[in-house]
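The chain contents come next:
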Amino acid sequence: MKKEQKACKYTSIGGQALIEGIMMRGPIKSAMAVRNPAGEIVLEEWDTETSNRPKFLKLPFIRGIFNFIDSMKTGYRCLMRSAEIAMPEEAEAERTEKEKKKDSILMSGAMMIGSVLGVALSIALFIWLPAQLFSWISGAVPALDNRVIRSVFEGLFRILLFVGYMSLMCLMKDIRRLFQYHGAEHKTIFCYEAGLPLTVENIRPQRRFHPRCGTSFMILMLLVGIIISMFITVTNPLLRTLIKLALLPVSVGIGYELIKFCGKHDNIITKIVSAPGVWLQHITVHEPDDSMIECAIKAMNVAIPKDGEAPEKDNSES
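Residues numbered from 1 in each chain as written. Predicted model: local features only at pLDDT ≥ 70, side-chain atom pairs only at ≥ 80, totals over all residues. Heavy atoms only, no water.

K.L.:
Tell me about the packing of helix α1 (residues 62-86) against helix α9 (residues 248-264), and please be specific about residues and values.
P.N.:
Between α1 and α9, the least distance of the axes is 7 Å, while the angle of their chain directions is 95°. Accordingly, the angle class assigned to the pair α1 and α9 is roughly perpendicular. Residues R63, G64, I65, N67 and F68 of α1 pack against P249, V252, G253, Y256, E257 and K260 of α9. Each residue belonging to the contact of α1 with α9 can be placed in one class, and the counts come to five nonpolar, three polar and three charged. (Axes fitted to C-alpha atoms, helices over the stretch in contact; angles between N-to-C directions. Helix = DSSP H or I, 4+ residues; strand = E, 2+ residues; numbered from the N terminus. Parallel < 35°, antiparallel > 145°, perpendicular 65-115°, else oblique. Contact = heavy atoms within 4.5 Å. Nonpolar A, V, L, I, M, F, W, Y, C, P; charged D, E, K, R; others polar.)

If you want it as structure tokens, here you go:
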């Protein structure tokens with residue numbers, strides 16, 4: 001068995017799995033590589049928006065908030081674009097320009113409504129519901145009415161919901177393929193960090209689980225939220241939900257710095273901090289096939305800074 005290469009350098013390059021493709025986000029350039037119905041890789045590239053961000057927005061804790069927002073915007077845009085590229089050509093050809101325009105407007109409206117409803121549902125399930133459940137429990141058992149117990153209960157309930165949701169997603173064939181592309185993204189970044197040429201043969205044996213993964217970031221945010229909740233004295237579920245929403249940027253900022261630290265260092269502390277996220281990646285990161293790795297290589301080659309460009313700086317998680 002071939003001995004696994006140990007990462008020998010740090011990179012700020014991160015990425016995201018798309019529908020039949022991968023997006024890589026480098027310090028200067030970003031790119032997405034998606035396979036069309038003919039099996040060809042369609043490559044699109046653009047300047048990374050964060051490269052021109054004011055310096056004060058790159059300060060520790062502050063940078064995490066804005067990087068998170070940028071990652072969400074870019075990720076959403078790339079996901080929608082990948083769906084367009086991967087759409088069967090026959091179905092696209094059957095539509096007239098008028099129908100395409102109408103469908104585009106309807107799709108934009110539907111996505112906007114869906115996003116609002118999705119955010120509202122997420123707030124209800126992940127913030128209000130745990131607080132309301134504990135209020136009912138503590139009302140029946142007054143001895144449990146304690147700030148620490150309340151925070152731990154709410155935090156663990158949110159984590160269980162999140163893990164359960166991700167596990168159910170794996171039952172869908174398309175999502176499993178998305179998670180395979182996620183694996184191709186991680187393996188390609190590990191190969192680059194190991195200083196090896198980006199080839200399918202070099203990438204295939206690399207590790208799947210990366211400490212800078214967005215999955216790890218979400219778990220760290222939830223864990224940090226438990227600690228922050230211990231300082232909230234309000235017990236009313238609705239008011240508690242509003243306060244937690246107001247403090248969400250704090251969780252994002254701290255979680256981001258922890259992810260960056262774990263990505264740069266490899267010691268017992270970072271292994272402990274990364275452990276929950278790495279464990280969850282067993283659900284969200286699957287083994288890719290060679291065609292998926294080829295997409296990752298195409299996007300990665302664009303994201304890697306070229307000779308003469310600025311050295312790698314802060315960027316999003318993988």
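K.L.:
Provide a residue-level description of the packing of aromatic side chains, including the pertinent values.
P.N.:
Under the criterion given, the structure shown has three aromatic pairs. Between F68 and F217, the aromatic rings sit 5.7 Å apart at their centres with planes inclined by 45°, giving tilted as the arrangement. Here F68 is found in helix α1, whereas its partner F217 is found in helix α7 (residues 214-229), with 149 residues between them in sequence. Classification of F68 by relative accessible area gives partly exposed; the value is 24%. Ring pairs connect the aromatic residues F134, F153 and F157, which therefore count as one cluster. (Phe/Tyr/Trp six-rings, centres within 6.5 Å; stacked < 30°, edge-to-face > 60°. Buried < 20%, exposed > 50% of the residue type's maximum accessible area, 1.4 Å probe, protein only.)

K.L.:
Quick rundown of the sheet that holds strand β1 (residues 14-18)? Include the residues and the values.
P.N.:
Spatially, four strands are ordered β1-β2-β3-β4 in an open sheet, and the strand pairing comes out antiparallel. Taken across any chain shown, the strands that pair with only one partner, and hence form the sheet edges, are β1 and β4 (41-47). Strand-to-strand twist in this sheet, taken as the mean axis angle between neighbours without regard to direction, amounts to 15°. Bridging between strand β2 (residues 21-25) and strand β3 (residues 29-35) involves five bridges; their strand directions are antiparallel. Note that in β3 the partner of G21 across the bridge is V34. Most of the contacts of α1 go to β3, to which it runs at about 30°, and overall it touches β1, β2, β3 and β4. (Pairing = 2+ DSSP bridges.)

Keep in mind that these numbers describe shape and distance, not what the molecule does.
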